[in-house]
Amino acid sequence: MPLELEPAVLPQDAIEVGRIADAWGIKGWFKVLAHSADPQALFSSKRWFLQPTERGAKSFEGTVLLRIAEAKEHSDSIVARSLDIEDRTAAEALKGSRVFIARSSFPSAGVDEFYWVDLLGLDVVNREGLALGRVKDLLSTGPQTVLVLEYEENGKALERMIPFVSAFIDSVDLPGRRILVDWQPDY
């Protein structure tokens, strides 16, 4: 029996935040594998947008809306239940689905806190005004996060890494799309 989920349009600001791993229990709960170590958006949003898995059997096509009743941490994973999923069979049909949430429904970041997705694409400039590159990725090294910049030198695409810690980051200007750093190109 196919899932009866409401067709939806993926919001323009939608960000993929995880995948549904499997059913959990018998009452329609399911496990979610978050893409972030701090998945607050999964807990705060009551409207998840799903797209089917890229491989394997698909229980739905296109984008659908999943109305979330509850999401919580359980052991070392996240479990959730939806107003639209009533039993284990329906929850199993969601396996592999990609979970998207509108960026506008993310909880507000605190002072000097940033969502990684907001840092991607920002230009990085040092105190002397020298452009060091554009944020291509972020890496979590355990104790700290590292900005991975892409830049070009002599026609060659290169990468530069800068620890995202207050000792090197002077300011982050999200509206201006720029990060000011205390860093030199030869570090």
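Residues numbered from 1 in each chain as written. Predicted model: local features only at pLDDT ≥ 70, side-chain atom pairs only at ≥ 80, totals over all residues. Heavy atoms only, no water.

Let's talk about unusual backbone geometry
(1) Moving on: In the Ramachandran plot, Ser-75 falls in the positive-phi region, its phi being about 55° despite a non-glycine side chain.
(2) Moving on: Structurally, Ser-75 is set in the loop between β5 (64-74) and β6 (77-82).
(3) Moving on: The backbone phi angle of Asp-112 is positive, close to 60°, even though this residue is not glycine.
(4) Moving on: Structurally, Asp-112 can be placed in the loop between β7 (98-102) and α3 (116-119).
(5) Moving on: Classification of Asp-112 as exposed rests on a relative accessible area of 69%. (Helix = DSSP H or I, 4+ residues; strand = E, 2+ residues; numbered from the N terminus. Buried < 20%, exposed > 50% of the residue type's maximum accessible area, 1.4 Å probe, protein only.)

Considerations on the pattern of salt bridges
(1) Moving on: Inspection of every chain in the model, using the stated rule, returns twelve salt bridges.
(2) Moving on: The partner of Arg-19 in a salt bridge is Glu-54, with the nearest N and O atoms 2.9 Å apart. Taken together, the residues Arg-19 in strand β2 (residues 14-24) and Glu-54 in the loop between β4 (47-51) and β5 connect sequence positions 35 residues apart.
(3) Moving on: On the basis of relative accessible area, Arg-19 is assigned to the partly exposed category, the value being 25%.
(4) Moving on: For Glu-54, a relative accessible area of 45% translates into the label partly exposed.
(5) Moving on: Across the pair Asp-123 and Arg-134 runs a salt bridge, and its minimum N-O distance is 2.8 Å. Note that Asp-123 is positioned in strand β8 (residues 123-126) and Arg-134 in strand β9 (residues 131-140), a separation of eleven residues in sequence. (Salt bridge = Lys/Arg side-chain N within 4 Å of Asp/Glu carboxyl O.)

Topic: the sheet that holds β8
(1) Moving on: Spatial ordering of the open sheet is given by β11-β10-β9-β8-β13-β12, a layout of six strands whose pairing is mixed. The sheet is open, and its two borders are formed by β11 (156-163) and β12 (169-173), each paired with just one other strand. Averaged over neighbouring strand pairs, the angle between their axes works out to 35° when direction is ignored.
(2) Moving on: Examined bridge by bridge, strand β10 (residues 145-153) and β11 share eight bridges and lie antiparallel to one another. Across the sheet, residue Tyr-151 finds its bridge partner in β11, namely Leu-158. (Pairing = 2+ DSSP bridges. Axes fitted to C-alpha atoms, helices over the stretch in contact; angles between N-to-C directions.)

What to know about the nonpolar core
(1) Moving on: Phe-30, Leu-42, Trp-48, Leu-50, Leu-66, Ile-85 and Leu-94 are the most contacted members of the largest nonpolar core, which totals 28 residues.
(2) Moving on: For this core, the secondary structure elements donating two or more residues are β2, β3 (29-34), α1 (40-44), β4, β5, β6, α2 (88-92) and β7.
(3) Moving on: Judged by nonpolar contacts, the second largest core, of 14 residues, contains Val-135, Ile-162, Ile-169 and Trp-183. (Core = buried A, V, L, I, M, F, W, Y, C linked by side-chain atoms within 4.5 Å.)

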